[in-house]
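# Summary of structural features
Chain by chain, the residues run as shown.
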Amino acid sequence: MSKTIRIGTRDSELALWQANNVKDKLEALGYKTELKPVKSTGDLNLDQPLYEMGITGIFTKTLDVAMVKDKVDIAVHSMKDVPTALPKGIVQGAVLPRANHTDILVHKGLDFETKNGIIATGSLRRKAQWLHEYPYHEVVNLRGNVNTRLQKLQDNNWHGAIFAAAGLERIHIKPESYITLDWMVPAPAQGAMLVVVNEHNEHAKKAVAKLNDKKTATCVQIERDFLRTLEGGCTAPIGALAKYKNSYEIEFHGALFSLDGKKKLEEKATIQPNEVSFAGSYLAKEILKKGGNKIMASIKAELDS
Ligand SMILES: NCc1[nH]cc(CCC(=O)O)c1CC(=O)O
């Protein structure tokens, strides 16, 4: 157990909290670890183009490269930011127990329901669902890490902005006024953390496997199978949540929206243990059959133009 495990992380406050959480858990098990914060925009001078290695995610790219170059042994991610297909040579090491899965609206007073409400989010999924509920509102784009987004909300005349509860809770930000959007279907794997490992790194794989939470891993697998089958490589407003309703049955709710939020297709199901491996993709295909194919085609056309 002497080899130090180098933990790759992005350098935002939330990313560092998540990486430190994994660090503490590994050290409690007796492993030596070291944090390696990586800037999100680095000089990525690789011989091989990223797409050939299957590296795609904008949030995870830099750490994927660090791992392929053997600069880190493991990397910690918010699982919802990780593309459903992992790059060549990088494998899922552990899924940590899920925290709060909900989205919340941070607002500046309850008049956000006004006819001229302006709500900020950079997420297609949140935008579509917000417009589905509040068709008379305007949704404006908001990007950046959690801290930047909260600052921008203060600096603008928007009525509110949407956040993942887990992100704010982890860095102990308690906004003055917020409401839980329990009607909003969360992003697949929202609130879960993923530790990825180089597939040849036996020491790190063995260490990290001890952190895996079986139930969370099962739920996010279903959610991500649903996502992968629906989107086929194109981002779209898709939400999915799988939750154990007793010790063996899983309750699932997944939905696809048109970009403007006008169309909504959803599936709800109770999943038995023997159905886990195919339930997510089966339920996605049901949505594709009942009009999802058309919605996906028009989303692709709109985002490509
Ligand atoms: N897209 C950014 C991102 N990725 C993970 C989280 C928070 C933690 C989580 O959702 O698991 C956030 C912030 C947010 O969505 O408000």
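Residues numbered from 1 in each chain as written. Predicted model: local features only at pLDDT ≥ 70, side-chain atom pairs only at ≥ 80, totals over all residues. Heavy atoms only, no water.

Identification of the protein chain as Hydroxymethylbilane synthase from Haloflavibacter putidus is taken from an unreviewed UniProt entry. Per UniProt, the protein chain has the following entry under Cofactor (unreviewed entry): "dipyrromethane". (UniProt positions renumbered as here; feature names shortened; annotations may be inferred.)

From N to C terminus, the protein chain includes eight helices and 13 strands. Against the compact-globule benchmark of 19 Å for 305 residues, the protein chain has a radius of gyration of 20 Å, which places it among compact chains. The dimensions of the protein chain, computed from C-alpha atoms along their principal axes, are 60 × 45 × 45 Å. Here the protein chain holds 305 residues, and the buried ones make up 50% of them. Here the analysis covers contacts within the protein chain between residues at least 6 apart in sequence; of these, 69% occur between residues at least 24 apart. If you sum the accessible surface of the protein chain, you get close to 14700 Å²; carbon and sulfur atoms cover 50% of it. (Helix = DSSP H or I, 4+ residues; strand = E, 2+ residues; numbered from the N terminus. Rg over C-alpha atoms; globule rule 2.2 N^0.38 Å. Buried < 20%, exposed > 50% of the residue type's maximum accessible area, 1.4 Å probe, protein only. Contact = heavy atoms within 4.5 Å. Areas by Shrake-Rupley, 256 points an atom, 1.4 Å probe, with all protein chains shown as cover.)

With that out of the way, let us pick up the pairing of strand β10 (residues 193-198). By the criterion of burial, β10 is predominantly enclosed, with six of the six residues buried. Burial of β10 is two-sided: the residues M193, V195 and V197 facing one way and the residues L194, V196 and N198 facing the other way are all buried. Two elements, strand β3 (residues 74-78) and β10, share five bridges in a ladder whose sense is antiparallel. Bridge pairing links H77 to L194 in β10. Where strand β4 (residues 90-95) and β10 come together, five bridges link them in antiparallel fashion. By the bridge assignment, I90 is partnered in β10 with N198. (Pairing = 2+ DSSP bridges.)

All right, on to the site of the ligand then. Surrounding the ligand, one finds 13 residues, the nearest of these being K80, D81, R149, A164 and G191. Contact between the ligand and D81: a nitrogen atom at 2.8 Å from a side-chain N or O atom of the residue. Interatomic distance of 2.9 Å between a backbone N/O atom of A164 and an oxygen atom of the ligand. About the coverage of the ligand: the protein hides 89% of its 390 Å² of free accessible area. Elements with a contribution of two residues or more to the shell around the ligand: α4 (146-155), β8 (160-164) and α5 (165-170). When the residues that make up the shell around the ligand are grouped by side-chain class, the tally is four nonpolar, four polar and five charged. (Near = heavy atom within 4 Å. Polar contact = N/O pair within 3.5 Å; in protein donor to acceptor, adjacent residues only side chain to side chain. Nonpolar A, V, L, I, M, F, W, Y, C, P; charged D, E, K, R; others polar.)

Our next topic: the packing of aromatic side chains. Two aromatic rings are characterised by how far apart their centres lie and by the angle between their planes. In this structure the tally under the stated criterion is seven aromatic pairs. An aromatic cluster is built from F112, W130, Y134, Y136 and W183, whose rings are joined through pairwise contacts. Lying across the ring of Y136, K115 places its NZ or CZ 4.8 Å from the centre. Positioned above the aromatic ring of Y244 is the side chain of K215, whose terminal nitrogen or guanidinium carbon lies 4.8 Å from the ring centre. (Phe/Tyr/Trp six-rings, centres within 6.5 Å; stacked < 30°, edge-to-face > 60°. Lys NZ or Arg CZ within 6 Å of the ring centre and 35° of its normal.)

Moving on, we come to the domain arrangement of the protein chain. Here the domain parsing of the protein chain yields domain 1 (5-96 + 192-212), domain 2 (103-180) and domain 3 (220-304). Contacts between the two partners involve eight residues from domain 1, matched on the other side by ten residues from domain 2. Both sides of the domain 1 and domain 2 interface together cover about 720 Å² of buried area, and 55% of this is carbon and sulfur. Of all residues in domain 1, E13, L14 and W17 bury the most surface against domain 2, accounting for 60% of the area lost on that side. Here domain 1 and domain 2 share zero salt bridges between them. Across the contact surface, domain 1 and domain 2 share three residue pairs in polar contact (both at pLDDT 80 or more). Element by element, the count of residues in the side of domain 1 that touches domain 2 is highest for helix α1 (residues 13-28), at four residues. A per-class count over the side of domain 1 that touches domain 2 returns four nonpolar, two polar and two charged. (Domains from an automatic or database assignment. Buried area = accessible area lost by both parts, 1.4 Å probe. Salt bridge = Lys/Arg side-chain N within 4 Å of Asp/Glu carboxyl O.)

Attention shifts here to the environment of V208. Checked against the element boundaries, V208 lands in helix α6 (residues 202-209). With 114 residues separating them in the primary sequence, V208 and A94 have C-alpha atoms 6.0 Å apart. Beyond its immediate stretch of four places on either side in the chain, V208 contacts L26, I74, G93, A94, V195 and V197.

We now examine unusual backbone geometry. Even without glycine at this site, D70 takes up a positive phi of about 60 degrees. Along the chain, D70 falls in the loop between α2 (61-68) and β3. Positive phi values are uncommon outside glycine, yet A189 reaches one of about 75 degrees. Its place among the elements puts A189 in the loop between β9 (178-181) and β10. A189 sits in the buried class, given a relative accessible area of 0%.

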